[in-house]
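Chain by chain, the residues run as shown.
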Amino acid sequence: MVTDAQPRGSSDTIGWNFDNTYARLPDVLFKKVMPAPVRAPRVSVLNLPLADELGLDLRTLSEQAAAALFAGQEIPDGAEPIAQAYAGHQYGGFTMLGDGRAILLGEQRTPDGHRFDIQLKGSGPTAFSRSGDGRAALGPMLREYIISEAMHALGIPTTRSLAVVTTGEPVYRGSPLRGAVLTRVAASHLRVGTFQYLAARRDEANLRILADYTIERHYPELVDVPQKYGKFLQAVANRQAALIAKWQLVGFIHGVMNTDNVAISGETIDYGPCAFMDAYHLETVFSSIDHAGRYAYGNQPNIAQWNLARFAETLLPLLDTNENAAVEIAMAELNQFPATFEAYWLAGMRKKLGFQTDEAEDAELIRSFLDWMQATQADFTNTFRDLSTNDGLTGDSYRDEAFRVWHTRWQNRLGREGGPNTSTYTLMRMVNPFVIPRNHRVEEALSAAVDRDDLSVMHQLLAALTSPYEGNADFTMYRDAPPPSQCGYRTYCGT
Ligand code: AMP
Ligand code: MG
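Thresholds, definitions, all that
Residues numbered from 1 in each chain as written. Chains lettered and ligands numbered in written order. Predicted model: local features only at pLDDT ≥ 70, side-chain atom pairs only at ≥ 80, totals over all residues. Heavy atoms only, no water. Donors = N, O, S within 2.8 Å, 3.2 Å for Na, K, Ca; no water. Buried < 20%, exposed > 50% of the residue type's maximum accessible area, 1.4 Å probe, protein only. Phe/Tyr/Trp six-rings, centres within 6.5 Å; stacked < 30°, edge-to-face > 60°. Helix = DSSP H or I, 4+ residues; strand = E, 2+ residues; numbered from the N terminus. Lys NZ or Arg CZ within 6 Å of the ring centre and 35° of its normal. Pairing = 2+ DSSP bridges. Near = heavy atom within 4 Å. Areas by Shrake-Rupley, 256 points an atom, 1.4 Å probe, with all protein chains shown as cover. Nonpolar A, V, L, I, M, F, W, Y, C, P; charged D, E, K, R; others polar. Domains from an automatic or database assignment. Contact = heavy atoms within 4.5 Å. Polar contact = N/O pair within 3.5 Å; in protein donor to acceptor, adjacent residues only side chain to side chain. Buried area = accessible area lost by both parts, 1.4 Å probe. Salt bridge = Lys/Arg side-chain N within 4 Å of Asp/Glu carboxyl O.

S.K.: Tell me about the coordination of the magnesium ion (ligand 2), residues and numbers included.
M.R.: Within the protein, N261 (OD1) and D270 (OD) serve as the donor atoms for the magnesium ion (ligand 2), at 1.9 to 2.2 Å. The burial state of N261 is the same as that of D270; both residues are buried.

Written as structure tokens, this is what we have:
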């Protein structure tokens, strides 16, 4: 933080501009709550560029005032802290949930007219905490900060991270860990699970209010269209298809695609056991509890469709007064999903391979490349990046006969559109990242921050992740796949 001559001790004048539409919805959808007091808040990391986008002038705020603000100790003018109600299918089983360790301060209107939820995660118990303590540990909150910001820089719709502050208090997860609060910024926190919450209560009147509210907030072009709820389902499915395709194209594995973790806005939300894949394999799973591979890399599109089916069920009473007719509308939309997803995925893969035109055999050409990667345990990110330069294919693995055969087909394919030329490779580098947040690098940054209070490792990593497509030679170290000792990487929920 830049400390001016007179840093301000209160956040009231830094540019807050709240307009809390969700808090004006029927009160069955939330409970008022105040963040818990914490002993000694201290800033770990602040996202100044994001603050600027939000119209918040954090540069003039004292370190102490920023810590108090983002630990929920000082509630800014216009905020109306609430915990949101929702439900969700977790690993296929339905549960009533709600913000158990998150508090929505309100909706910030930005100078350019956008609206973002400002939410504190780890700020103490709420009416929905069940047996949980409402707290969060520093490691997982910094992890969310790193990965969400990396996703944003990769061009993938996501919630963002504005700040992480430590609380000066322990949280107990088997052993005592340093407590922390993450400030999450989202287009909204409306989830498939928000709709499921009202559907489970058979609260049709409020369901319609929620649907209308969501349409106005995220799909305003549908407000006046005929059959708007069917169109709403279609639009949500379309954004999910686009989002999951983007995940697949960078090897991102969410890890816990429960329906409460599906944002209606189409943003990636809830960074728990997520991770990026190193070696390409469809069955890649990192989450320690995902034994059946429900949320494996290759299964993400199927699960997205399953989650959308749960969403469609909630909308049935709105789709048609006749139940059979409603089911038919829902099924028609859901059945479109595989083709919609495939179209986004194929378009993205064509770009990754430098194609500017469509050929019928492209899908097969792409799949045979992926099959080769899977058979040889090729690194997903680096292989695509290696293809993206004139002289990138120097590694031993590229001498493999099967690869040579494929490479000739690929070059011929590019030849049919006049390539490959400099612009082919330039365009490829704009979609094939040089750096991703590799698990061992993220862990290294977290242990420096958490165990040694050294944030420099994380800041270095964040600098690399901020421009992932650039190919800055200073960041070459972040390209390396994990050492063999770290290949069995596991991620954990219940953070
Ligand atoms: P998640 O796995 O983060 O998507 O969380 C699933 C549900 O558990 C949500 O309703 C959370 O609010 C709740 N939850 C997770 N951790 C805690 C905690 N430490 N205290 C209370 N509730 C929690
Ligand atoms: Mg969640």
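Now that the structure has been shown, we can carry on.
S.K.: Which residues make up the packing of aromatic side chains, and what values do they have?
M.R.: Following the criterion strictly, the structure yields 26 aromatic pairs and no others. Between the aromatic rings of Y22 and Y213, the centroid separation amounts to 6.3 Å while the plane-to-plane angle is 75 degrees, which identifies the pairing as edge-to-face. In this pair, Y22 is assigned in the segment before β1 (30-32) and Y213 in helix α5 (residues 204-218), connecting sequence segments 191 residues apart. Both residues of the pair, Y22 and Y213, count as buried. Ring geometry for F232 against F311: centres 5.6 Å apart, planes inclined by 80 degrees, an arrangement best described as edge-to-face. Taken as a pair, F232 in helix α6 (residues 228-250) and F311 in helix α7 (residues 300-319) lie far apart in primary sequence, 79 residues in all. Looking at F311, the relative accessible area reads 0%, which means it is buried. Its guanidinium or amino end placed over the ring of Y86, R191 lies 4.2 Å from that ring's centre, counting from NZ or CZ. It is R310 that lies over the ring of W306; its NZ or CZ is 4.4 Å from the centre.

S.K.: If you had to explain the pairing of strand β4 (residues 87-90) to someone new, which residues and values would you point to?
M.R.: As judged from the 4 bridges shared by β4 and strand β5 (residues 93-96), these two strands associate in the antiparallel manner. Looking at β5, one finds that Q90 is bridged to G93. In this structure, the hairpin formed by β4 and β5 is closed by a connection of 2 residues, where Y91 is found at a positive phi of approximately 50 degrees.

S.K.: Go over the site of ligand 1 with me, naming the residues and quoting the values.
M.R.: Taken together, 17 residues lie near ligand 1, and G98, G100, D133, G134 and N261 sit nearest. Protein coverage of the free-state accessible area of ligand 1, which is 480 Å², stands at 82%. The residue inventory of the shell around ligand 1, partitioned by class, reads 2 nonpolar, 7 polar and 8 charged. Here the shell around ligand 1 spans two domains, since at least three of its residues come from each of domain 1 (10-189) and domain 2 (193-345).

S.K.: Give me the lowdown on the environment of Q108, citing residues and values where you can.
M.R.: You can see Q108 is positioned in strand β6 (residues 102-109). Separated by 56 residues in the primary sequence, Q108 and V164 place their C-alpha atoms 18 Å from one another. Residues contacting Q108, with those up to four places away along its chain left out, are G15, W16, N17, F18, L54, L56, H114, R115, F116 and I118. Side-chain polar atoms of Q108 contact the backbone oxygen of G15, separated by 3.1 Å.

S.K.: Tell me about the domain arrangement of the protein chain, residues and numbers included.
M.R.: Each assigned domain of the protein chain is listed here: domain 1 (10-189), domain 2 (193-345) and domain 3 (355-495). For domain 2 versus domain 3, the separation of C-alpha centres amounts to 28 Å. Contacts between the two partners involve 23 residues from domain 2 and, on the opposite side, 20 residues from domain 3. Where domain 2 abuts domain 3, roughly 1,900 Å² becomes buried across the two surfaces, and 59% of that area is made up of carbon and sulfur atoms. Per-residue buried area on domain 2 facing domain 3 is highest for F276, D278 and Y280; these three make up 36% of the total on that side. The interface formed by domain 2 and domain 3 includes 2 salt bridges. Ionic pairing is found between R438 and D278, a salt bridge with its closest N-O pair at 2.8 Å. Summed over the shared surface of domain 2 and domain 3, the result is 12 residue pairs in polar contact (both at pLDDT 80 or more). Elements represented by at least two residues in the side of domain 2 that touches domain 3 include exactly α6, β11 (275-276) and α8 (323-352). If one sorts the elements of the side of domain 2 that touches domain 3 by residue count, α6 sits on top with 3 residues.

S.K.: Describe the pattern of salt bridges, naming the residues involved and giving the relevant values.
M.R.: Counted according to the given criterion, the structure contains 32 salt bridges. Here R413 and E417 are joined by a salt bridge, their closest N and O atoms 3.0 Å apart. For R413, a relative accessible area of 1% corresponds to the buried category. You can call E417 partly exposed: its relative accessible area is 25%.

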